[in-house]
Amino acid sequence: LWLNHLGSCLWWVFVRNYKEFSDTENNWNDYILAEVDVSELVSNDGLDGFWYASGFYWSVTAMFSGASVRQPRNSAETVFSIVYIIFGMLFGSSLIS
């Protein structure tokens, strides 16, 4: 659970700094905002909670299944996802062994 929290915090960093990491015009931030209506999350705290929950969802699905509906949209997100999935595989296999 702690590793998933760490993964969601790292994912949140990518979402908050999406313009710095993007080598294309696509990124997780714009994709999710186009997909989900966040206008009801009036305060910035509500939006931060939404991003954290989305990151936690991504972290759990990426670590334990290696797949997620939140697919990477640029090179930095792709590299981050690959490293995280490999880390999740190594962590999971060390628990089993």
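Here, every reference points to the structure presented above.
Summary of the structure given here. (Residues numbered from 1 in each chain as written. Predicted model: local features only at pLDDT ≥ 70, side-chain atom pairs only at ≥ 80, totals over all residues. Heavy atoms only, no water.)

Helix and strand content of the protein chain: five helices and zero strands. Going residue by residue from the N terminus, the α and β elements of the protein chain occur as α-α-α-α-α. The C-alpha atoms of the protein chain give a radius of gyration of 14 Å, which matches the 13 Å a tight globule of 97 residues would have. For the C-alpha atoms alone, the extent of the protein chain along its principal axes is close to 45 × 30 × 20 Å. The buried share of the protein chain, taken over its 97 residues, is 32%. Here the protein chain has roughly 6,100 Å² of accessible surface; of this, 64% comes from carbon and sulfur atoms. For the protein chain, the distance from the average position of its 4 positive side-chain charges to the average position of its 10 negative side-chain charges is 2 Å. (Helix = DSSP H or I, 4+ residues; strand = E, 2+ residues; numbered from the N terminus. Rg over C-alpha atoms; globule rule 2.2 N^0.38 Å. Buried < 20%, exposed > 50% of the residue type's maximum accessible area, 1.4 Å probe, protein only. Areas by Shrake-Rupley, 256 points an atom, 1.4 Å probe, with all protein chains shown as cover. Lys, Arg positive; Asp, Glu negative; His and termini not counted. Charge placed at Lys NZ, Arg CZ, Asp CG, Glu CD.)

It is worth spelling out the packing of helix H1 (residues 2-16) against helix H5 (residues 75-96) at this point. Two packed helices can be described by the angle between their axes and the distance between those axes. Where H1 contacts H5, the two axes come as close as 12 Å, and the packing angle between them is 175 degrees. As summarised for this structure, H1 and H5 are arranged roughly antiparallel, according to the angle between their axes. Residues Leu3, Asn4, Gly7, Leu10, Trp11 and Phe14 of H1 lie in contact with H5, whose contacting residues are Ala76, Glu77, Phe80, Tyr84, Phe87 and Phe91. Along the lines of polarity and charge, the residues of the contact of H1 with H5 split into nine nonpolar, two polar and one charged. (Axes fitted to C-alpha atoms, helices over the stretch in contact; angles between N-to-C directions. Parallel < 35°, antiparallel > 145°, perpendicular 65-115°, else oblique. Contact = heavy atoms within 4.5 Å. Nonpolar A, V, L, I, M, F, W, Y, C, P; charged D, E, K, R; others polar.)

Looking now at the side chain of Ser59. By secondary structure assignment, the location of Ser59 is in helix H4 (residues 44-65). The contact partners of Ser59, leaving out residues within four places of it in the chain, are Leu3, Asn4, Gly7, Ser8 and Tyr84.

What follows covers the side chain of Asn4. If you trace the backbone, Asn4 turns up in helix H1. According to the relative accessible area criterion, Asn4 is buried, its value standing at 3%. Discounting chain neighbours no more than four positions away, the residues touching Asn4 are Phe56, Ser59, Val60, Met63, Phe64 and Tyr84.

Let us look at the packing of H1 against helix H3 (residues 28-35). Running from amino to carboxyl end, H1 crosses H3 at an angle of 90 degrees, the nearest separation of the two axes being 8 Å. Considered as vectors, H1 and H3 are oriented roughly perpendicular to each other. Here Trp11, Phe14 and Val15 of H1 come into contact with H3, specifically with Trp28, Asn29 and Ile32.

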